Amino acid sequence: MTHPAQPKASHFINGEYVEDTAGTPIPVIYAATGEQIATVYAATPAIVEQALSTAKAAQKEWAKMTGTERGRVLRRAADIMRERNHDLSVLETYDTGKPLQETLVADATSGADALEYFGGLAASLTGEHIPLGEDWVYTKREALGLCVGIGAWNYPTQIACWKGAPALACGNSMVFKPSETTPLCALKVAEILIEAGAPAGVFNVVQGMGEVGGALVTDPRVDKVSLTGSVPTGKKVYAAAAEGMKHVTMELGGKSPLIIFDDADIDNAVGGAINGNFYSSGQVCSNGTRVFVQKGIKEKFLARLAERTGNAILGDPMDEATSFGPMVTENQMNIVLGYIEKGKEEGARLICGGARANMDGYYIQPTVFADVTDEMTIAREEIFGPVMSVLDFDTEEEVVARANDTEFGLSAGVFTKNFTRAHRVIGNLEAGSCFINSYNDAPVEAPFGGVKASGVGRENSKEAIKHFSQVKSVYVRMGDVEAAF
Ligand code: NDP
């Protein structure tokens, strides 16, 4: 019997499901059991062509609609996503392995927030009038054209919506390629947009590995590329986009610092560290994986952290009591286990976890290392799994310098009751998305994105509009034209 997660076909182009079994088969594996639940086929060159030509043709008419009309479509799509939240969350759990306890509140709901927010903004995207005596200049905020979205595997619904919603609000069309690991959810986003009234061809989904992404990025019809992925992929995609002078948004990896001063509320700080390391089994780009704890509270912090981490419920992700799921793939599990071994070898002190969980599926125990030093591999490289490194510090000046000593700059957090210090420290940290006495909140109203190697551009908020539109400036002369000859 066909598994309920199996989509009708692999791709969604021009308002309908499209199949081409000549492409490489991509098995979809449910991470909680290792069982194959669906198959999709990578896009062949013919599918890529169909998606790009359709999206190119659909864009002009979509951009001619009023912002109010475009916004209405997005807001209807948001309503449909909310109505179907349960089914979409189950699918997200099949796609990623993340527990339903999370997917019910963080995926389709976050996607719906983006559709609603950018739907609301669509009608207000205007230019300015600049008076110059009798003459004037007016500006128009115009669409970029055909945009490509490429997603990572940790938030397949959210990433499709965080890219698709602002792109469509501005009058662009999009071809979206999900990660080959999690190909299912973006298809549902495309289906819902059509049901909400989006013209066929405005939002298309094609499956495939890096080559399909590469074919999309290098096509001369494409005006913008928005990637969520790792820094090495980001460098390749950015370079390929530069060749065609295309706009880019790069949402890449991180190794973010979470700084806990000794006047912090310990339970809140432990909660922040748990949210910033163990949500989605640690597969979150903005995670605060370098937890700097001021020496005075170190042992108390570690004791409370170990106690609360012991309360994590590993189990069937479809059981809403489960609070900690498997890694997305066997490969990712092995990468993370490799880092855990490195942590042990390099002399970090294991506080809890430290091994694969004794159950089916790709589960790793939530792991905390203490006495981690700046040069250890686990403190320098993005692990993308449930491995928290706790480092000690003495002074504010020292911790800020150490926190910034990394190529990454996605996020940063600080826990303290001294607000002057909190703002001063955040002001000195090189990061794009920061938190005071909290960690990893990502409301659509707030800009999200990194500095340094963690990325270029911002998603969400009004900032995203700037990255999916461009300004045309028009000089209007009221009198005669003077010329030298
Ligand atoms: P990858 O960088 O491996 O892949 C990202 C996407 O790019 C995938 O769809 C991938 O396809 C595609 N891709 C790979 N090579 C190319 C290429 N040459 N041209 C075009 N597309 C290509 O990232 P992961 O999927 O492993 O995701 C984990 C990473 O994503 C982590 O580093 C994480 O920090 C980052 N991330 C960043 C976020 C942010 O907002 N800043 C949010 C979430 C994750 P395929 O995988 O199918 O081969």
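If you're wondering where the values come from, they're calculated on a predicted model, not measured in any experiment.

Reading the values: the criteria
Residues numbered from 1 in each chain as written. Predicted model: local features only at pLDDT ≥ 70, side-chain atom pairs only at ≥ 80, totals over all residues. Heavy atoms only, no water. UniProt positions renumbered as here; feature names shortened; annotations may be inferred. Helix = DSSP H or I, 4+ residues; strand = E, 2+ residues; numbered from the N terminus. Domains from an automatic or database assignment. Contact = heavy atoms within 4.5 Å. Buried area = accessible area lost by both parts, 1.4 Å probe. Salt bridge = Lys/Arg side-chain N within 4 Å of Asp/Glu carboxyl O. Nonpolar A, V, L, I, M, F, W, Y, C, P; charged D, E, K, R; others polar. Pairing = 2+ DSSP bridges. Axes fitted to C-alpha atoms, helices over the stretch in contact; angles between N-to-C directions. Core = buried A, V, L, I, M, F, W, Y, C linked by side-chain atoms within 4.5 Å. Buried < 20%, exposed > 50% of the residue type's maximum accessible area, 1.4 Å probe, protein only. Parallel < 35°, antiparallel > 145°, perpendicular 65-115°, else oblique. Left-handed = near helix turned anticlockwise from the far one by under 90°.

A. Spatial organisation of the UniProt feature "domain: Aldehyde dehydrogenase" (unreviewed entry) in the chain. What UniProt calls "domain: Aldehyde dehydrogenase" (unreviewed entry) maps, in this numbering, to residues 18–474. Helix and strand shares over residues 18–474 are 41% and 20% respectively, and the end C-alpha atoms of the span are 42 Å apart.

B. Just the domain arrangement of the chain, in detail. Taken as a whole, the chain is organised into domain 1 (11–252 + 451–456 + 467–472) and domain 2 (257–436). With 32 residues of domain 1 at the contact, the number on the domain 2 side is 33 residues. When the area that domain 1 buries against domain 2 is broken down by residue, the three leading residues are Gln 101, Trp 153 and Lys 452, summing to 22%. Summed over the shared surface of domain 1 and domain 2, the result is 1 salt bridge. Ranked by the residues each element gives to the side of domain 1 that touches domain 2, the list is headed by helix H4 (residues 100–106), at 6 residues. Within the side of domain 1 that touches domain 2, the residues separate by chemical class into 17 nonpolar, 10 polar and 5 charged.

C. Here's a closer look at the sheet that holds strand S14 (residues 349–352). Taken in spatial order, the 7 strands of this open sheet run S14-S15-S16-S13-S12-S17-S18, and their pairing is mixed. Here the strands that pair on one side only, and so sit at the sheet edges, are S14 and strand S18 (433–436). The average undirected angle you get between the axes of adjacent strands in this sheet is 20°. Pairing of S14 with strand S15 (residues 367–370) involves 3 bridges; the strand directions are antiparallel. In the sheet register, Cys 352 faces S15, and the bridge partner there is Val 368. Here helix H10 (residues 266–278) sits on the sheet and contacts strand S12 (257–260), strand S13 (290–294), S15, strand S16 (387–393) and strand S17 (411–415); the angle it forms with S16, its principal contact strand, is near 135°.

D. Looking closely at the nonpolar core. The biggest cluster of nonpolar side chains holds 56 residues, and the ones touching the most others in it are Met 81, Leu 115, Phe 118, Leu 168, Met 174, Leu 193 and Phe 203. Looking at which domains feed residues into this core, each of domain 1 (11–252 + 451–456 + 467–472) and domain 2 (257–436) gives three or more. Apart from the residues within four sequence positions on either side, Phe 203 is in contact with Phe 12, Ala 160, Gly 164, Leu 168, Met 174, Phe 176, Ala 186, Val 189, Ala 190 and Leu 193. Judged by nonpolar contacts, the second largest core, of 32 residues, contains Leu 391, Val 399, Val 400 and Val 425.

E. Structural view of the packing of helix H2 (residues 67–83) against helix H7 (residues 185–195). Viewed as axis vectors pointing N to C, H2 and H7 meet at an angle of 125°, and their least axial separation amounts to 8 Å. If you check the angle between H2 and H7, you find them oblique. Of the two possible hands of crossing, H2 and H7 adopt the one that is right-handed. Contacts from Val 73, Leu 74, Ala 77, Ile 80 and Met 81 of H2 reach H7 at Val 189, Ile 192, Leu 193 and Glu 195. Across the contact of H2 with H7, the residue classes tally to 8 nonpolar, no polar and 1 charged.

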